[in-house]
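So the chains spell out like this:
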Amino acid sequence: MEHAYAKALVFVIERGGKPLASVRSLVRVLEREGRMALLPRIVHAFKRLAATDSVRNSVVLSFAKKNTRVSRKMREALRELGVAKKDVRVEVDPTLIGGWRLEGRGTLVDVSYKKALLDIYRATVAQ
Amino acid sequence: MNPSTVQKIIKEIESYTPRTAHVSVGTVSAVGDGVVTIDGLKGAVMGEMLLFEETKGKTLEEGTKQGAPLYGLILNLEEDSVRATLLGDVARVYEGMTVESTGRILSVPSGEEVLGRVVNALGEPIDGKGPFKKVTMMPVERESYGVIDRKSVSVPLQTGIKAIDSMIPIGRGQRELIIGDRGTGKTTIAIDTIISQRNEPKEKRPVCIYVAIGQKESKTARIVAHLREKDALSYTIVVDAPASAPAALQYLAPFTGAAIGEYFMDRGRDVLVIYDDLSKQAVAYRQLSLLLRRPPGREAYPGDIFYLHSRLLERAACLSKEKGGGTLTALPIIETQDGDVSGYIPTNVISITDGQIFLDTSLFNKGVRPAIDVGISVSRVGSSAQTKAMKSVAGTLRLELAQFRELESFMQFAQDLDKATAERIESGRRMVEVLKQGNGVPMPLAQQVVILYAAVNKFFIEVPVARVRECEAKLLEFFDASYSKILEEIKTTGAVSDELKKTLSLALQKFKGAHGELFT
């Protein structure tokens, strides 16, 4: 039940509803129906939904080395995802060995050397 | 390093093209009991394979030590997430793990190379003989052939078991259920049928697939050893989803067996698939469905439990000439509780199949083995596939046995019996003895015809019941030594002409003369 209320709240806010006003009207509804006991659980469910949403929408660009220049291919990948450069979290992941990896919004582009080497290793082992 | 390995690596590097395409991914949000909930994965397809990315944040060296890639299979599509069942070790999955969409429907390897091998429910070899080199991938879930692509069953599948080949004949492309309580010899019948295919000429010999579902590993190992000992493993494939395997693999195993078989059927070959057993598959599917939160129905089985078995068994077929003429015969096995054939799963599978061989515990305990209750066992399409030779000798067998069973129960409280009734009972007792057969000794068609001809013509009536089997063995030895031409003629023509009947009767008389000590 709390999950449905939390989802409804997210839905209203996503559709342009003001957060504070939306929460107040939710509280009013709960009071009227005598379901105020649900409120802490709704808050908890809302927090989880927000966390999932933030993970889903975050975009991480990983490089093997610091100060790697953003290549044309990377820019193309970002454009296809519809992400502005400022919204991308840049990380250094030395395990990639070389190349880069872009993950976010339900998409993965992995052109790291680690991935290439692992693909070759698996194909060789399978033979 | 081995030079051939270096060559392989060079070849792989030369042919490697980096994959820059965008892959759809999701994140594991919950894991439990082999079922994973994954957020994201937009555009996921039902039955699609998912790849769990275990190498994220790990070094290359750690990545190479991961072992086989971990896959999942999508079984539920929900509003914001998908639910998938794991096809591997659940301990390797953690919350927040990235899951890649592969865009592939689950498929398994099949081909000549798979013959004689033991594979798991994913088609991966588990017999230590190394990986497959040249195989074709076959989809595990595939639509069965339609009406136009099929023809009627017309070629017999010899089980080598007298009681079955004579009274419940099975045709190639048929679905015949083997049903009975535990420990009544269901698997034995199935394995003997595989062994019996050894007697078929190589070009007509069906490829046999034994699917072990939820069985003890020791039992499967024993079966593999038995098949090897009887020289039957070379044309057999064993698909093993043991009791220790996740429920998902036990649910998948029969479909894997069917997919492997379809490779051969599509190429015009005959295939025999044994599903041992579908009750355990139903239990595994029930477990999966409950974990996937699908609404439970009767006995907590999901609503599509009938469809699970019907879509599997519909893949058995006898294809038309235009489609290559291949066949896939299915012998599903169902275990009953206390002889109750009216249970949910037994009735479902009975209604799907083209007949059933019912094994009775009381017959088994009386020493009648195989413990087939011919009274309620039927084969709805097999009689059109029965050889003329067998039809001519076994036509009255079922009726005689049914009359004997009725008289036998009446006899328990009757005092005086008239001569005809007593004779019928004596004859019935000998018939039961004749139909008894040892484990792992399937009998070729010609020998069966000779023995049944003798039995139907009351040849054993003067032989004491206790010595009927001894007499039968000696009779076969006698025919092998002195009348092998008769056996050869039955084998080649598949019929018993009037002239041959005369020769048979003459040979039987000669045997009687030579072995007077067996006849009282």
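Residues numbered from 1 in each chain as written. Chains lettered and ligands numbered in written order. Predicted model: local features only at pLDDT ≥ 70, side-chain atom pairs only at ≥ 80, totals over all residues.

**Looking at the overall build of chain A**
For clarity, the threshold we go by: A run of H or I in DSSP becomes a helix once it reaches four residues, and a run of E becomes a strand once it reaches two; helices and strands are each numbered from the N terminus. In this setup the radius of gyration rests on C-alpha atoms only. A globule is expected at 2.2 Å times the number of residues raised to 0.38. For the exposure call, what matters is how many other C-beta atoms sit within 10 Å of a residue's own: 20 or more marks it buried, 12 or fewer exposed, and in between partly exposed, using C-beta atoms placed from the backbone. Our contact criterion uses C-beta atoms placed from the backbone: two residues qualify when those atoms are within 7 Å.
Helix and strand content of chain A: five helices and four strands. Overall, chain A shows an N-to-C arrangement of helices and strands of α-α-α-β-α-β-β-β-α. Whereas a compact globule of 127 residues would reach a radius of gyration of roughly 14 Å, chain A reaches 21 Å, over 25% beyond that. The C-alpha extent of chain A, read off along each of the three principal axes, is 65 × 35 × 20 Å. Taking all 127 residues of chain A together, 20% fall into the buried category. Put simply, of all contacts in chain A between residues at least 6 apart along the chain, 64% involve residues at least 24 apart.

**Considering the overall build of chain B**
Secondary structure summary: chain B contains 17 helices and 17 strands in total. Evaluated residue by residue, chain B yields a buried proportion of 43% over its 520 residues. A sequence separation of at least 24 residues applies to 74% of the contacts in chain B between residues at least 6 apart.

**Concerning the environment of Val378(B)**
Residues and elements named next belong to chain B. With respect to the helices and strands, the residue valine 378 is situated in strand β17 (residues 378-379). In the structure, valine 378 is positioned 337 residues away from leucine 41 in sequence and 49 Å away in space, judged by C-alpha atoms. The contact partners of valine 378, leaving out residues within four places of it in the chain, are Ile168, Gly355 and Gln356.

**Quick notes on the interface of chain A and chain B**
Condition: Classification used: nonpolar for Ala, Val, Leu, Ile, Met, Phe, Trp, Tyr, Cys and Pro, charged for Asp, Glu, Lys and Arg, polar for all others including Gly. Pairing between strands requires that DSSP locate at least two bridges from one strand to the other.
Across the boundary between the two partners, chain A contributes 24 residues, which contact 27 residues of chain B. Among the secondary structure elements, those contributing two or more residues to the side of chain A that touches chain B are α3 (39-57), α4 (72-81), β4 (107-110) and α5 (113-126) of chain A. Broken down by element, the side of chain A that touches chain B gets its largest block of residues, 10 residues, from α5(A). Considering only residue class, the side of chain A that touches chain B consists of 12 nonpolar, six polar and six charged. Alignment of β4(A) against strand β1 (residues 23-32) of chain B, held across two bridges, turns out to be antiparallel. Counterpart to Thr107(A) in the pairing with β1(B) is Ser24(B).

**Observations concerning the environment of Leu312(B)**
Examined against the element boundaries, Leu312(B) turns out to sit in helix α8 (residues 305-313). For the pair Leu312(B) and Pro254(B), spaced 58 residues apart in the sequence, the C-alpha separation amounts to 7.5 Å.

**Regarding the packing of helix α12 (residues 397-411) of chain B against helix α13 (residues 419-435) of chain B**
All names here are of chain B. Where we set the bar: Lines are fitted to the C-alpha atoms to define the axes, a helix being fitted only along its stretch in contact, and any angle between axes, read from their N-to-C directions, falls within 0 to 180 degrees. Working definition: roughly parallel below 35 degrees, roughly antiparallel above 145 degrees, roughly perpendicular at 65 to 115 degrees, and oblique for all remaining angles. The hand of a helix crossing depends on one turn: near helix anticlockwise from the far one by less than a right angle means left-handed, and clockwise means right-handed.
Running from amino to carboxyl end, α12 crosses α13 at an angle of 115°, the nearest separation of the two axes being 9 Å. One element, α12, and the other, α13, form an angle in the roughly perpendicular class. Our pair here, α12 against α13, has a crossing hand that is left-handed. The segment α12 lies against α13, with Glu400, Leu401, Gln403, Phe404, Leu407, Glu408 and Met411 engaging Thr421, Arg424, Ile425, Gly428 and Met431. Partitioning the contact of α12 with α13 into residue classes produces six nonpolar, three polar and three charged.

**Topic: helix α14 (residues 445-456) of chain B**
All names here are of chain B. Worth spelling out the cut-off: One fewer than the residue count of a helix, multiplied by 1.5 Å, yields its expected span.
Across its 12 residues, α14 extends 16 Å between first and last C-alpha, which sits within 8% of the 16 Å expected from 1.5 Å per residue. Most of α14 sits inside the fold, with 11 of its 12 residues counted as buried. Taken residue by residue, α14 has Leu445, Ala446, Gln447, Gln448, Val449, Val450, Ile451, Leu452, Tyr453, Ala454 and Ala455 as its buried positions. Once α14 ends, the next one or two residues include lysine 458, with phi positive near 55°.

**Topic: the domain arrangement of chain A**
Heads up, the rule is: Start and end points for every domain follow an automatic or database-based domain assignment.
As assigned here, chain A comprises domain 1 (2-56) and domain 2 (58-126). Here the C-alpha centre of domain 2 of chain A lies 36 Å away from the C-alpha centre of domain 1 of chain A.

**Here's the deal with the pairing of strand β1 (residues 59-63) of chain A**
All names here are of chain A. Buried residues dominate β1, accounting for four of its five residues. The sheet contact formed by β1 and strand β3 (residues 100-104) spans five bridges and is antiparallel. Looking at β3, one finds that serine 62 is bridged to arginine 101. Relative to strand β2 (residues 88-92), β1 runs parallel, the two being bridged by five bridges.

**Some words on the pairing of strand β5 (residues 81-86) of chain B**
Residue and element names in this part refer to chain B. Of all six residues in β5, six are buried, a share of seventy percent or more. The alternating pattern of β5 places Ser81, Arg83 and Thr85 and Val82, Ala84 and Leu86 on opposite faces, both of which are buried. Across five bridges, strand β2 (residues 35-40) lies against β5 in antiparallel orientation. Its bridge partner being in β5, threonine 37 is matched across the sheet by arginine 83. Taken together, the five bridges between strand β4 (residues 70-77) and β5 define a ladder with antiparallel strand orientation. Across the sheet, residue leucine 73 finds its bridge partner in β5, namely threonine 85.

**With respect to the nonpolar core**
For the record, the criterion: Linking buried Ala, Val, Leu, Ile, Met, Phe, Trp, Tyr and Cys residues through C-beta atoms within 7 Å yields a set, and such a set is a nonpolar core.
Residues Ile209(B), Val211(B), Val239(B), Val273(B) and Val449(B) are the most contacted members of the largest nonpolar core, which totals 144 residues. At 13 residues, helix α6 (residues 247-266) of chain B tops the list of elements feeding residues into this core. What Val239(B) contacts, discounting residues up to four positions off in sequence, is Val119(B), Ala121(B), Ile209(B), Val211(B), Ala212(B), Ala253(B), Thr256(B) and Gly257(B). Counting residues in each nonpolar core, the second largest holds six residues, with Ala6(A), Ile42(A), Ala45(A) and Phe46(A) among its members.

**A closer look at the packing of α14(B) against helix α16 (residues 484-493) of chain B**
What describes two packed helices is the angle between their axes and the distance between those same axes. Residues and elements named next belong to chain B. Packing of α14 against α16 brings their axes to within 8 Å, and their N-to-C directions diverge by 115°. If you check the angle between α14 and α16, you find them roughly perpendicular. The interaxial crossing formed by α14 with α16 has right-handed handedness. Residue-level contacts link Leu445, Ala446, Gln447, Val449 and Val450 of α14 to Leu487, Ile490 and Lys491 of α16.

**Remarks on unusual backbone geometry**
All names here are of chain B. The omega angle of the peptide bond from aspartate 276 to aspartate 277 is -5°, so this bond is cis rather than trans. Structurally, the position occupied by aspartate 277 is in the loop between β13 (270-276) and α7 (278-291). In this structure, proline 370 follows arginine 369 across a cis peptide bond, with omega equal to 0°. The topology assignment puts proline 370 in the loop between α10 (361-365) and β17. With phi around 70°, alanine 300 is a residue other than glycine that occupies positive phi space.

**So, the environment of Gly40(B)**
As for its placement among the helices and strands, Gly40(B) is situated in strand β2. The buried category is assigned to Gly40(B), around which 23 C-beta atoms lie within 10 Å. Along the backbone, Gly40(B) and Val434(B) are 394 residues apart, and their C-alpha atoms lie at a distance of 65 Å. Aside from chain neighbours lying at most four places away, what touches Gly40(B) is Arg56(A), Gly106(A), Val25(B), Gly26(B) and Thr27(B).

**Section: the confidence of the model for chain A**
Test applied: Values of pLDDT, which run from 0 to 100, indicate the predictor's confidence residue by residue.
For chain A, per-residue confidence averages 86 on the pLDDT scale, and residues scoring 70 or more make up 98% of the total. Averaged over each element, pLDDT in chain A is lowest for α5(A) (82) and highest for helix α2 (residues 19-32) of chain A (92).

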